[in-house]
Amino acid sequence: MVIITLQRDKCIGCNYCYELAPERFRMSKKDGKSVLLKSLDKKGFHTLKDPDHSIADNCERAAKACPVNIITVKEI
């Protein structure tokens, strides 16, 4: 299981997450911030639990590239 979390409120809209993991991230046309696809929002933390471990590498690259460190990726 891969657990990806995004603190959307702190997003600055740099677009790195979308460039590195387009299968999981999009940029909102409304406010220019990142959107974690198919995630659940709980008090500003958008979380996705996915059994597909093949997405972990791209999401980890996106997390490392994020200049405000608002993306976390855990594999369990």
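Predicted model, so just to flag it, every value in this text is computed and none were measured. (Residues numbered from 1 in each chain as written. Predicted model: local features only at pLDDT ≥ 70, side-chain atom pairs only at ≥ 80, totals over all residues. Heavy atoms only, no water.)

## Here we look at the overall build of the protein
Moving on, step 1. In terms of regular secondary structure, the protein is built from two helices and six strands.
Moving on, step 2. Its C-alpha radius of gyration of 11 Å places the protein within 12% of the 11 Å reference for a compact globule of 76 residues.
Moving on, step 3. Evaluated residue by residue, the protein yields a buried proportion of 37% over its 76 residues.
Moving on, step 4. Look at the contacts in the protein between residues 6 or more apart in sequence, and 62% of them connect residues 24 or more apart.
Moving on, step 5. Put simply, the protein shows about 4,900 Å² of open surface, and 53% of that area lies on carbon and sulfur atoms.
Moving on, step 6. Seen as two clouds, the 14 positive and the 10 negative side-chain charges of the protein have centres 6 Å apart. (Helix = DSSP H or I, 4+ residues; strand = E, 2+ residues; numbered from the N terminus. Rg over C-alpha atoms; globule rule 2.2 N^0.38 Å. Buried < 20%, exposed > 50% of the residue type's maximum accessible area, 1.4 Å probe, protein only. Contact = heavy atoms within 4.5 Å. Areas by Shrake-Rupley, 256 points an atom, 1.4 Å probe, with all protein chains shown as cover. Lys, Arg positive; Asp, Glu negative; His and termini not counted. Charge placed at Lys NZ, Arg CZ, Asp CG, Glu CD.)

## Observations concerning the sheet that holds strand β4 (residues 40-42)
Moving on, step 1. A sheet is described by the order of its strands in space; here four strands give the open sequence β4-β5-β1-β6, paired in antiparallel fashion. Edge positions in the sheet fall to β4 and β6 (71-75), since each has one partner strand and no second. The sheet shows a mean angle of 20° between the axes of neighbouring strands, direction not considered.
Moving on, step 2. In this sheet, strand β5 (residues 45-50) lies alongside strand β1 (residues 2-7) in antiparallel orientation, the contact comprising six bridges. Looking at the pairing, Q7 lines up with F45 of β5.
Moving on, step 3. Its contacts with the sheet put helix α2 (residues 56-65) on β1 and β6, and the angle it makes with β6 is roughly 145°. (Pairing = 2+ DSSP bridges. Axes fitted to C-alpha atoms, helices over the stretch in contact; angles between N-to-C directions.)

## Things to note about the nonpolar core
Moving on, step 1. One finds I4, F25, I71 and V73 to be the most contacted residues of the largest nonpolar core, which totals 18 residues.
Moving on, step 2. Contributions of two or more residues to this core are made by β1, α2 and β6.
Moving on, step 3. Here the element with the most residues in this core is α2; it accounts for four residues.
Moving on, step 4. Beyond its immediate stretch of four places on either side in the chain, I4 contacts R24, F25, L36, H46, T47, L48, I55, C59, I71, T72 and V73. (Core = buried A, V, L, I, M, F, W, Y, C linked by side-chain atoms within 4.5 Å.)

## A look at unusual backbone geometry
Moving on, step 1. Phi angles above zero are rare outside glycine, and N15 is one such case at about 85°.
Moving on, step 2. When you line up the elements, N15 lands in the loop between β1 and α1 (16-20).
Moving on, step 3. Despite not being glycine, N69 has its phi angle at roughly 50°, a positive value.
Moving on, step 4. Of note, N69 is situated in the loop between α2 and β6.

## Remarks on the state of the cysteines
Moving on, step 1. Within this structure, the stated rule accounts for zero disulfides.
Moving on, step 2. No disulfide involves C11; its sulfur sits 6.1 Å from the nearest other cysteine sulfur, which is in C17.
Moving on, step 3. Considering cysteine sulfurs only, C17 is the nearest to C59, which forms no disulfide, with 9.4 Å between them. (Disulfide = S-S within 2.5 Å.)

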